[in-house]
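Each chain, letter by letter, is given below.
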Amino acid sequence: MSNKRSGKIAKNIFLFIVISCLSLIPATFSIEAFDSEGPFNPATAVDDAGADGGTEEWNDPENVTLSDDKKATVRVDDFETSHYIKAADFGFSVPSDAVIDGVVAEVERRVSSTVSDSVVEDAFVKLVKNGVISGENRGTDTPYTISDTFESHGGSSDTWGLALTPDDVNDEDFGVAFSVTKSNDAGGDREARVDNIRMTVHYHIPPATLTVHKVVINDDGGTKDDSEFDLFVDGESVVDGESNTLDPGEYVVSETQDSDYASTFSGACDENGVVILESGDEKVCTITNDDIPANLTVTKVVINDDGGNAVIADFTLFVDDTEVASGEKNQFDADSYTVSEGGPSGYAVSFEGDCDVDGDVDLELGDEKECTINNNDIAPTIKLIKEVNNDDGGD
């Protein structure tokens, strides 16, 4: 077999496997979207002594708001730690329905000298929430170099040990604070120089889920089951009882219509099948289909044109064994029935309308049928008998 032919067969097998696997996945209208804002620069930056024991104050901390070679500086000697630079007001506008996944802070930094293997590195790098330096330390042990270099702290799935909301990160008091230390006794004091700090917030908008459930009630002669009704969300086919992932928004739940069944919505849907989903919602809409009974009206007509005097009330009307009133609509299951009556004799009976000559009628779901029983009085008859008596000679 040629390599070309065997490669084609392998490709077809791969496609078959992929398509087969996809057919097992429930309907999905949305894939959970991950997004981010930033990197943004802070609007403010100040020196802050903090609570972690730093002793050396920063010069010109406001210079970190832009990457423009204007440096914030601090000189630290052996094992000394600086104050914090607390940078805030990054201008985030994360959507209110988002979930915060992580925060990244990047510091553009350098040191005056690394002669004699002197080491200046992070002491603390923490978030600022509600104006307070808090959370876990994300400082690294990467030494400062003599060239401007961005060092990254945190990550796209790291919230620094804090529960963060969109309101938190959008607040003007949200930001990052960092301090430096000279971590050895080589080479004397050194000047740490920071040009810029920037932040990125990673988040996602949780999708909603909607489950459409079908209930079929067959209490009036119907025979359909759940599987005979196709279900839809905004025209897209869904499976009864399976959860569907959707973007937040307004949707219309529907089904294939069947005139023999009355449909109603319940659960999260309104009476028209409309449902509003917000991010993170888990909602259920139920469509109930109840078979529609048939209606049969039996009407009595009495004709007295040959001396009869019976009235409608003298006759009792039946549908099978069920007594009914003349002219009133009666509900029945879908089935076959016989209309009959009881009453005075002397009347000829005939059927009209939807009954046959014997009073039989077939009812389907939702039928509106009428049967009329006519009773016509039977005219009396006289039988004349002639007798001839020839007892006196007649012939």
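See above for the structure.
As the structure is a prediction and not an experimental result, all values here were calculated from the model. (Residues numbered from 1 in each chain as written. Predicted model: local features only at pLDDT ≥ 70, side-chain atom pairs only at ≥ 80, totals over all residues. Heavy atoms only, no water.)

1. Some remarks on the environment of Gly54
Now for step 1: Its location among the elements puts Gly54 in the loop between strand 2 (44-48) and strand 3 (72-76).
Now for step 2: On the basis of relative accessibility, which here comes to 17%, the residue Gly54 falls in the buried class.
Now for step 3: In this structure the C-alpha to C-alpha distance between Gly54 and Arg75, which are 21 residues apart in sequence, comes to 12 Å.
Now for step 4: With residues near it in sequence (within four places) discarded, Gly54 still touches Ala49, Thr81, Ser82 and His83. (Helix = DSSP H or I, 4+ residues; strand = E, 2+ residues; numbered from the N terminus. Buried < 20%, exposed > 50% of the residue type's maximum accessible area, 1.4 Å probe, protein only. Contact = heavy atoms within 4.5 Å.)

2. Quick look at the sheet that holds strand 15 (residues 249-255)
Now for step 1: Strand order in the open sheet formed by four strands is 13-12-15-17, with antiparallel pairing between adjacent strands. Lying at the two open borders of the sheet, with one neighbouring strand each, are strand 13 (236-238) and strand 17 (274-277). Strand-to-strand twist across the sheet, computed as the mean angle between neighbouring axes with direction ignored, equals 35°.
Now for step 2: As paired strands, strand 12 (residues 231-233) and strand 13 are joined by three bridges and run antiparallel to one another. Residue pairing across strands places Val233 opposite Glu236, the latter belonging to strand 13. (Pairing = 2+ DSSP bridges. Axes fitted to C-alpha atoms, helices over the stretch in contact; angles between N-to-C directions.)

3. Concerning the sheet that holds strand 21 (residues 322-324)
Think of a sheet as strands paired side by side through backbone hydrogen bonds, with each pair either parallel or antiparallel.
Now for step 1: Taken together, the four strands give an open sheet; going across it, the order is 21-20-23-25, and neighbouring strands pair in antiparallel fashion. Two strands lie at the open edges of the sheet, namely strand 21 and strand 25 (360-363), each paired on one side alone. Taken over all neighbouring pairs, the strand axes of this sheet differ in orientation by 35° on average, direction set aside.

4. Notes on the pattern of salt bridges
Now for step 1: One pass over the full model with this rule turns up 20 salt bridges.
Now for step 2: Put simply, Glu255 and Lys214 hold a salt bridge, and the shortest N to O gap is 2.4 Å. Here Glu255, found in strand 15, pairs with Lys214, found in strand 11 (residues 208-217); they are 41 residues apart in sequence, far enough to count as distant.
Now for step 3: Judged by its relative accessible area of 8%, Glu255 is buried.
Now for step 4: A salt bridge links Lys224 to Asp258, with the nearest nitrogen and oxygen atoms 2.3 Å apart. With Lys224 in the loop between strand 11 and strand 12 and Asp258 in the loop between strand 15 and strand 16 (261-267), this residue pair connects regions lying 34 residues apart in the sequence.
Now for step 5: On the basis of relative accessible area, Asp258 is assigned to the buried category, the value being 13%.
Now for step 6: Taken together, the shared-partner salt bridges connect Asp69, Lys71, Arg110 and Asp148 into one network. (Salt bridge = Lys/Arg side-chain N within 4 Å of Asp/Glu carboxyl O.)

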